[in-house]
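Chain by chain, the residues run as shown.
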Amino acid sequence: MRVEVDVPKCVAAGQCVLLAPDVFDQRDEDGLVVLLDETPPAELLDSVRESATVCPAAAIRLVEQ
């Protein structure tokens, strides 16, 4: 799976960081999402899927490969 983020859509809620801190972070200056790993390992996929589901701005997209 590949992860894509639409930074302009991000509302800086931080749910993705709480659920998958190895994959997502937030910028210090405005709290917007930073993608740390666009192809996370299998053991992180459940938390990444949950992050995409709970994102209030739908700024996370998962592309199955």
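Our subject is the structure that appears above.
Computed from a predicted model, the values in this text were never measured in an experiment. (Residues numbered from 1 in each chain as written. Predicted model: local features only at pLDDT ≥ 70, side-chain atom pairs only at ≥ 80, totals over all residues. Heavy atoms only, no water.)

Student: Provide a residue-level description of the environment of Ala57, including the pertinent values.
Tutor: Tracing the sequence through the fold places Ala57 in the loop between helix H2 (45-54) and strand S4 (60-63). What makes Ala57 buried here is its relative accessible area of 16%. For Ala57 and Val11, which are 46 residues apart along the polypeptide, the C-alpha to C-alpha distance reads 6.3 Å. If sequence neighbours within four positions are ignored, Ala57 has contacts with Lys9, Cys10 and Val11. (Helix = DSSP H or I, 4+ residues; strand = E, 2+ residues; numbered from the N terminus. Buried < 20%, exposed > 50% of the residue type's maximum accessible area, 1.4 Å probe, protein only. Contact = heavy atoms within 4.5 Å.)

Student: Give me the state of the cysteines: which residues, what numbers.
Tutor: If you walk through the whole model with that rule in mind, you get zero disulfides. With no disulfide of its own, Cys16 has Cys10 as its nearest cysteine by sulfur position, at a separation of 6.4 Å. Taking the relative accessible area as the measure of exposure, Cys16 reaches 12% and is therefore buried. (Disulfide = S-S within 2.5 Å.)

Student: For the nonpolar core, give the residues involved together with the corresponding values.
Tutor: Core analysis: the largest hydrophobic core is formed by 18 residues, its most contacted members being Cys16, Val23, Phe24, Val48 and Ile60. Going through the elements one at a time, helix H1 (15-19) and H2 are the ones with two or more residues in this core. Sorting elements by how many residues they give to this core places H2 first, with three residues. (Core = buried A, V, L, I, M, F, W, Y, C linked by side-chain atoms within 4.5 Å.)

Student: Could you give an account of the side chain of Ser51, naming the residues involved and the relevant values?
Tutor: One can find Ser51 in helix H2. Among the residues examined, Ser51 registers a relative accessible area of 0% and is labelled buried. With near-sequence residues (within four places) excluded, Ser51 lies in contact with Cys16, Leu19, Ala20, Phe24 and Ile60.

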